[in-house]
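The lines below spell out each chain.
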Amino acid sequence: MHLEDMKYLISIIDNKSINKAAKELQLTQPALSTAIGKLEQELGVPLLKRSYKGVVPTEAGDRIYEEAKSILNMIAEWYKLGQYTTILEGEVHVLAVPTACDFLVKTLISGIRSDFPTLHISLHECYQNVMMQQLMASKMNIGITSVSSFDLKTTLLHVERQGWDADVLHEE
């Protein structure tokens, strides 16, 4: 189970709807349904009762919902502890493909700017072929791109050969 799975379950139960939760989480409804289905399969128990009126938690779903909220609140508190001891400052240049820029501005960058006001983030839009050149020339600090699942392993190997760190931020 991943933290995202807990967030997904909480959002569905709070919204009493997979569609509303998907919009809130900026996911497609099928992707969210698949994620919850995998979670139910992993745990071996149904978490939601689906009907034409909406979604309600099963007994197990309600228990996991309450515990997931507690876990996420506890983790949020841990991060708050670090806010007072860590000061990030300076300038970070982020390169991103056009499709990622809107998402980054709406979520990641606005949150970082409010948490770390002395950290200046510059977002630059470019295509993947230019991104690699810019990163190799050390003109940018971070590159964010989209890669098909077919090309993922090849791209990750290429990035690692450059001596860079790579993470998958989102999968569908």
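Preceding block: the structure.
This section reports on the structure supplied with the text. Predicted, not measured: the structure shown is a model, and the values here were computed from it. (Residues numbered from 1 in each chain as written. Predicted model: local features only at pLDDT ≥ 70, side-chain atom pairs only at ≥ 80, totals over all residues. Heavy atoms only, no water.)

### As for a nonpolar patch on the surface
On the surface, Leu3, Ile71, Met74, Trp78 and Leu81 cluster together into a nonpolar patch covering about 500 Å² of accessible area. Considering every element that reaches the nonpolar patch, the biggest residue donor is helix α4 (residues 59–83), with four residues. Within the secondary structure, Ile71 is located in helix α4. Owing to a relative accessible area of 34%, Ile71 belongs among the partly exposed residues under this scheme. (Patch = residues over 30% accessible without salt bridge, like charges linked within 9 Å, V, L, I, M, F, W, Y side chains within 5 Å. Areas by Shrake-Rupley, 256 points an atom, 1.4 Å probe, with all protein chains shown as cover. Salt bridge = Lys/Arg side-chain N within 4 Å of Asp/Glu carboxyl O. Helix = DSSP H or I, 4+ residues; strand = E, 2+ residues; numbered from the N terminus. Buried < 20%, exposed > 50% of the residue type's maximum accessible area, 1.4 Å probe, protein only.)

### Considering the sheet that holds strand β3 (residues 90–96)
A sheet is described by the order of its strands in space; here three strands give the open sequence β4-β3-β5, paired in parallel fashion. The open sheet is flanked by β4 (119–125) and β5 (142–144), the only strands paired with a single partner. Neighbour-to-neighbour, the strand axes of this sheet turn through a mean angle of 25°, independent of strand direction. Two elements, β3 and β5, share three bridges in a ladder whose sense is parallel. By the bridge assignment, Val94 is partnered in β5 with Ile142. Its contacts with the sheet put helix α6 (residues 128–136) on β3 and β5, and the angle it makes with β5 is roughly 165°. (Pairing = 2+ DSSP bridges. Axes fitted to C-alpha atoms, helices over the stretch in contact; angles between N-to-C directions. Contact = heavy atoms within 4.5 Å.)

### Focus: unusual backbone geometry
Its identity as a non-glycine residue notwithstanding, Lys16 has a phi of 55°, on the positive side. If you trace the backbone, Lys16 turns up in the loop between α1 (3–15) and α2 (18–25). A positive phi angle, near 60°, is found at Gln26, a position not held by glycine.

### Structural notes on the side chain of Ser11
The residue Ser11 is located in helix α1 in this model. A relative accessible area of 3% places Ser11 in the buried class. Apart from the residues lying within four places of it in its own chain, the contact partners of Ser11 are Ala21, Glu24 and Leu25.

### What about the nonpolar core?
Tyr8, Leu9, Ile12, Leu32, Ile36, Leu47 and Leu48 are the most contacted members of the largest nonpolar core, which totals 21 residues. Top element by residues in this core is α1. It accounts for six residues. Discounting chain neighbours no more than four positions away, the residues touching Leu32 are Tyr8, Ile12, Ile18, Ala21, Ala22, Leu25 and Leu27. Leu95, Leu119, Ile121 and Met131 belong to the second largest nonpolar core, which has 15 residues in total. (Core = buried A, V, L, I, M, F, W, Y, C linked by side-chain atoms within 4.5 Å.)

### Observations regarding the pairing of strand β2 (residues 54–57)
The sheet contact formed by strand β1 (residues 48–51) and β2 spans four bridges and is antiparallel. What sits directly across from Ser51, in β2, is Gly54. Counting the residues in the hairpin turn of β1 and β2 gives two residues.

### Description of the environment of Lys23
Residue position: Lys23 is located in helix α2. Linking Lys23 and Ala68, residues 45 residues apart in sequence, is a C-alpha distance of 20 Å.

### Considerations on the layout of surface pockets
The computed volume of the second largest pocket comes to approximately 160 Å³. Together, 10 residues line the second largest pocket, and Val92, Val94, Ile112, Ile121 and Ile142 are the ones closest to its centre. Breaking the lining of the second largest pocket down by element, the ones donating at least two residues are β3, α5 (98–115), β4 and β5. Sort the elements by how many residues they give to the lining of the second largest pocket and α5 lands first, with four residues. (1 Å grid on protein atoms, 1.4 Å probe; cavity = no way out; pocket = protein on both sides within 12 Å on 5 of 7 lines; lining within 4 Å. Points joined across faces, edges and corners; volume = space filled by probe spheres on them.)

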